[in-house]
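One-letter residues, chain by chain:
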Amino acid sequence: MTTTVRTEGIGPSAVFALPWLVAEEHGYFAAEDIEVEFVENRAEQTLTEPAEDHQLVDSIRNHVPFEEGQVDLYRACEWGQIRRAHDSRRGAKIIGKRSSIAVMALMAAPGSRYTYPQTLANAPIAVSFHNGNHYAAIQMLEGFLTPSEIKTVGYHTIDGYHAVKKGEAAVVALSEPWIALAEKQGFQKVIETHYAGLELAAPDFDPAVYAACNRAIGRAIADIDADKRRYLHYLIDSLPEEFHGELTPDDFHLPRLRYAEPAPYTREEFEKSYAWMQQWGLIESGAAYTDLVVELPGADALK
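Figured I'd write up the structure that's included with this text.

### Regarding the layout of surface pockets
Sizing a probe to match a water molecule and rolling it over the atoms shows the empty space that remains.
For step 1, the next point in the chain: Its volume calculated, the largest pocket comes out at about 790 Å³.
For step 2, the next point in the chain: Counting residues per element, the ones that place at least two in the lining of the largest pocket are strand S3 (73–77), helix H5 (132–141), helix H6 (157–166) and strand S8 (171–174).
For step 3, the next point in the chain: For the lining of the largest pocket, the element with the highest residue contribution is S3, accounting for three residues.
For step 4, the next point in the chain: Among the residues forming the lining of the largest pocket, the class breakdown is 15 nonpolar, 12 polar and eight charged.
For step 5, the next point in the chain: Glu78, Tyr265, Glu269, Lys272 and Ser273 are the residues nearest the centre of the second largest pocket, which is lined by 13 residues in total.

### Some remarks on the pattern of salt bridges
For step 1, the next point in the chain: In total, this model carries 13 salt bridges according to the counting rule given.
For step 2, the next point in the chain: Ionic pairing is found between aspartate 87 and arginine 83, a salt bridge with its closest N-O pair at 2.5 Å. Residue aspartate 87 and its partner arginine 83 are located together in helix H4 (residues 78–87), separated by four residues, close to a single helical turn.
For step 3, the next point in the chain: Note on aspartate 87: relative accessible area 25%, which makes it partly exposed.
For step 4, the next point in the chain: Classification of arginine 83 by relative accessible area gives buried; the value is 17%.
For step 5, the next point in the chain: The partner of glutamate 183 in a salt bridge is arginine 256, with the nearest N and O atoms 2.7 Å apart. With glutamate 183 in helix H7 (residues 178–184) and arginine 256 in the loop between helix H9 (233–237) and strand S11 (258–259), this residue pair connects regions lying 73 residues apart in the sequence.
For step 6, the next point in the chain: Under the relative-accessibility criterion, glutamate 183 is labelled partly exposed at 33%.

### Comments concerning the pairing of strand S5 (residues 100–108)
For step 1, the next point in the chain: Counted residue by residue, S5 has eight buried out of nine residues, so it is predominantly covered.
For step 2, the next point in the chain: As defined by bridge partners, S5 adjoins S11 across two bridges and the pair is classed as antiparallel. Bridged to isoleucine 101 within S11 is arginine 258.
For step 3, the next point in the chain: The pairing of S5 with S8 spans four bridges and is classified as antiparallel. When the bridges of S8 are listed, leucine 106 appears paired with alanine 173.

### Describing the environment of methionine 277
For step 1, the next point in the chain: Residue position: methionine 277 is located in helix H10 (residues 267–279).
For step 2, the next point in the chain: Spatially, the C-alpha atoms of methionine 277 and glycine 96 are 19 Å apart, while their sequence positions differ by 181 residues.
For step 3, the next point in the chain: Residue contacts for methionine 277: discarding those within four places in its chain leaves Trp79, Ile82, Arg83, Tyr135, Leu282 and Ile283.

### Points about unusual backbone geometry
For step 1, the next point in the chain: Put simply, glutamate 176 and proline 177 share a cis peptide bond, and its omega is 5°.
For step 2, the next point in the chain: As for its placement among the helices and strands, proline 177 is situated in the loop between S8 and H7.
For step 3, the next point in the chain: The backbone phi angle of aspartate 33 is positive, close to 60°, even though this residue is not glycine.
For step 4, the next point in the chain: Along the polypeptide, aspartate 33 turns up in the loop between helix H2 (28–31) and strand S2 (34–39).

### A few points about empty space enclosed by the protein
For step 1, the next point in the chain: Evaluation of the coordinates by the stated rule reveals one cavity of 30 Å³ or more.
For step 2, the next point in the chain: Taken as a whole, the largest cavity encloses approximately 60 Å³ of empty space.
For step 3, the next point in the chain: If you go around the largest cavity, the residues you meet are Val15, Phe16, Ser100, Ile101, Ala102, Val103, Ser175, Glu176, Arg256, Leu257, Arg258 and Tyr259.
For step 4, the next point in the chain: Looking at the lining of the largest cavity, the elements with two or more residues in it are S5 and S11.
For step 5, the next point in the chain: Looking at which element gives the most residues to the lining of the largest cavity, the answer is S5, with four residues.
For step 6, the next point in the chain: The class makeup of the residues in the lining of the largest cavity is seven nonpolar, two polar and three charged.

### Some points on H4
For step 1, the next point in the chain: With eight of 10 residues buried, H4 lies mostly within the body of the structure.
For step 2, the next point in the chain: Turning to H4, its buried residues are Glu78, Trp79, Gly80, Gln81, Ile82, Arg83, Arg84 and Ala85.

Scoring rules and cut-offs
Residues numbered from 1 in each chain as written. Predicted model: local features only at pLDDT ≥ 70, side-chain atom pairs only at ≥ 80, totals over all residues. Heavy atoms only, no water. 1 Å grid on protein atoms, 1.4 Å probe; cavity = no way out; pocket = protein on both sides within 12 Å on 5 of 7 lines; lining within 4 Å. Points joined across faces, edges and corners; volume = space filled by probe spheres on them. Helix = DSSP H or I, 4+ residues; strand = E, 2+ residues; numbered from the N terminus. Nonpolar A, V, L, I, M, F, W, Y, C, P; charged D, E, K, R; others polar. Salt bridge = Lys/Arg side-chain N within 4 Å of Asp/Glu carboxyl O. Buried < 20%, exposed > 50% of the residue type's maximum accessible area, 1.4 Å probe, protein only. Pairing = 2+ DSSP bridges. Contact = heavy atoms within 4.5 Å.

Below is the structure:
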């Protein structure tokens, strides 16, 4: 009997869902008796101007279809998923690590005076609040600047990109394919990092179905690692229309694109990240690992 799984995977989330897209392309889900439906994410809140306080921005961001029951599971950064599991009206649970090891870079305009992390003291840093670029930007800079010197400002990614070009923001936090685009347009990189992500699932999502999905994902990761350029069209097509035709697969630095076998999310990992978020005032205290995470039997269940 075929099981239908609805997940995000098109639009801005393509880089994080690439193994899912490749697994679907090659029929690996069908081999597990799973039919995947890819749903475009959508936000309720639209920022009409930069937001200086992350508390003014809904942590659910563009994952509203999940909250409305149109999506069974989706993937995003570790910190954001902790926050969304905490805030979810639907009772979302962290079910495991995503396979995408995301890259994030702070990019300045061509010829900008912002050339290394310390130059960003008290300068506006364009991020998308409660997404990976928000949290990763802080973690990249806290080794160079004091907390009071780190001035993140909330934008939609495309607006942050244009704000840097106009000189309204010092840098913008970007993932792929935006990094490749920015480099091709002459932006200069100030600092770069990789970070982990998590998958959130509906509270009644079957762990056995998740394990089957991950077997398909594992096969797709092997294909991606064997020939990354073959699948870069998914990332290129995810850029806004105004940038269509700007990039080719040859514009990407392939080592930035990293994917790993799905794995459980451990209590130790959760507690370390949760404590860091509390330190920065990014989440309330009081939540426990057992409140937010599905405790799967272990790594063997994912193989």
